[in-house]
Amino acid sequence: MSETQPRISIIVGSARPVRIGRQLADSIAEALTESTSADVRILDLREIDLPMLDEPLMAGMNQYANPHTLAWAAEIRASDAVIFLTPQYNAGYPAALKNAIDYIFAEWQDRPSAIISYGGHGGPKAAKQLREVLEFIRMDLTDEQPQLVIQREDYTADWHLGDPDAVVARYADEITAVGTALEARIGALEAA
Ligand SMILES: Cc1cc2nc3c(=O)[nH]c(=O)nc-3n(C[C@H](O)[C@H](O)[C@H](O)COP(=O)(O)O)c2cc1C
């Protein structure tokens, strides 16, 4: 973890080739860069491209074998806080995100974190499921949990967002509150 500028990483939970998750992540990163003192990075599961969990031992044994697991664990260790940006898929969150969570274990524990969900109704069911899992792995979750409602008219004909900044701007106060809450938790950990 950083002793100078804290790092907040946004995990992009959607790994589809045609998606809006990366657009939202970029725009949220920009908003948080303005409203916090953090170095805000994107951890894009499409780019990171983890295979389906292929570690011989379960993550709780803390003996990672594969280079991609060690690299993923290092990214999370380097993050003072993590934001899980998740769409809602069939009343849950994406398999790629669960896979990435299951790869590692100790790295998640006590790490300040937040969930931002999105979907036609803001992705409440994805957020609820994800929250249960993140509580199980003992992440330090904020109460702030923005749910971005994506309307049909937000999409272009090729299923991207026409103006992601406008979508994110509708939730500016809630996203600022996430950043503030994460910075407070990072500060409390450093002071402890
Ligand atoms: C497999 C799948 C299941 C979906 N299920 C839901 C759903 O349960 N509720 C909802 O509001 N939208 C649902 N949608 C629509 C998504 O909210 C929308 O496609 C969104 O753009 C997905 O995020 P992404 O583009 O970043 O992958 C679903 C989309 C996919 C691909």
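Visitor: What's the story with the packing of aromatic side chains in this structure? I'm lost.
Guide: The relation between two aromatic rings is expressed through the spacing of the ring centres and the mutual angle of the planes. According to the stated counting rule, one finds three aromatic pairs in the structure shown. Ring centres 6.2 Å apart and planes at 70° place the aromatic pair Trp72 and Trp108 in the edge-to-face group. Residue Trp72 is found in helix 3 (residues 67–77), and its partner Trp108 is found in the loop between helix 4 (95–102) and strand 4 (112–119); the two are separated by 36 residues along the sequence. The pair formed by Trp72 and Trp108 is uniform in burial state, with each residue classed as buried. With a centroid separation of 5.6 Å and an interplanar angle of 45°, the aromatic rings of Phe84 and Trp108 are classed as tilted. Remark: Trp108 occurs in the loop between helix 4 and strand 4 and Phe84 occurs in strand 3 (residues 81–87); sequence separation between them is 24 residues. Relative accessible area serves as the criterion here: at 0%, Trp108 is assigned to the buried category. Pairwise contacts between aromatic rings join Trp72, Phe84 and Trp108 into one cluster.

Visitor: Teacher, can you tell me more about unusual backbone geometry here?
Guide: Leaving glycine aside, a negative phi is the common case for residues, and trans is the common case for peptide bonds. Despite not being glycine, Asn62 shows a phi value in the positive range, around 60°. Tracing the backbone shows Asn62 in the loop between helix 2 (45–48) and helix 3. In this structure, Trp159 takes a positive phi of about 65° despite not being glycine. Turning to its location among the elements, Trp159 is positioned in the loop between strand 6 (147–149) and helix 6 (164–169).

Visitor: Is there a simple way to think about the pairing of strand 3 in this case?
Guide: In terms of burial, strand 3 is a largely internal element, seven of the seven residues being buried. Residues Ala81, Ile83, Leu85 and Pro87 line one face of strand 3 and the alternating positions Val82, Phe84 and Thr86 line the opposite face, and both faces are buried. Bridge count between strand 3 and strand 4: six bridges; the pairing is parallel. Each bridged residue has a counterpart across the sheet, and for Ile83 the counterpart in strand 4 is Ala114. Each parallel crossover has a hand, and the one from strand 3 via helix 4 to strand 4 is right-handed.

Visitor: Would you explain helix 7 (residues 172–191) in this entry?
Guide: Residue pairs three or four apart in sequence face the same way in an α-helix, which turns once every 3.6 residues. An ideal rise of 1.5 Å per residue puts 28 Å on 20 residues; helix 7 measures up with 29 Å between its terminal C-alpha atoms. Ile175, Val178, Gly179, Ala181, Leu182 and Ile186 are the residues of helix 7 that are buried. The buried residues of helix 7 occupy an angular sector of 165° when the element is viewed end-on, so they sit on one face. Within helix 7, the exposed residues directed more than 90 degrees away from the buried face are Asp173, Ala184 and Ala191. Those residues of helix 7 hidden inside the fold are in contact with strand 1 (7–12), helix 1 (21–35), strand 3, strand 4 and helix 6.

What counts as what
- Starting afresh in each chain, residues are numbered from 1 along the sequence in its written order.
- Local features in this predicted model are restricted to residues whose pLDDT is 70 or higher, and side-chain atom pairs enter the listing and the counts only when it is 80 or higher, whereas totals over whole chains, interfaces and linings include all residues.
- Here the side-chain values reflect all heavy atoms present in the structure, with hydrogen atoms and water set aside.
- Any Phe, Tyr or Trp ring, taking Trp's six-membered ring, that has another such ring centre within 6.5 Å forms a pair; planes under 30 degrees apart are called stacked, those over 60 apart edge-to-face, and the others tilted.
- Counting from the N terminus, the helices are the DSSP runs of H or I reaching at least four residues and the strands are the DSSP runs of E reaching at least two.
- With a 1.4 Å probe rolled over the protein chains alone, any residue whose accessible area is under 20% of its type maximum counts as buried; one over 50% counts as exposed, and the rest are partly exposed.
- If DSSP finds at least two bridges between two strands, the strands pair.
- Seen with its strands pointing away from the viewer, a crossover is right-handed if its path from the first strand over the helix to the second goes clockwise.
- Helix span, expected: 1.5 Å multiplied by one less than the number of residues in the helix.
- To obtain the arc, one takes the directions from the helix axis to the C-beta atoms.
- Contacts are residue-level and defined by heavy atoms, with any inter-residue pair within 4.5 Å sufficient.

All we've got here are geometric facts, nothing functional implied.
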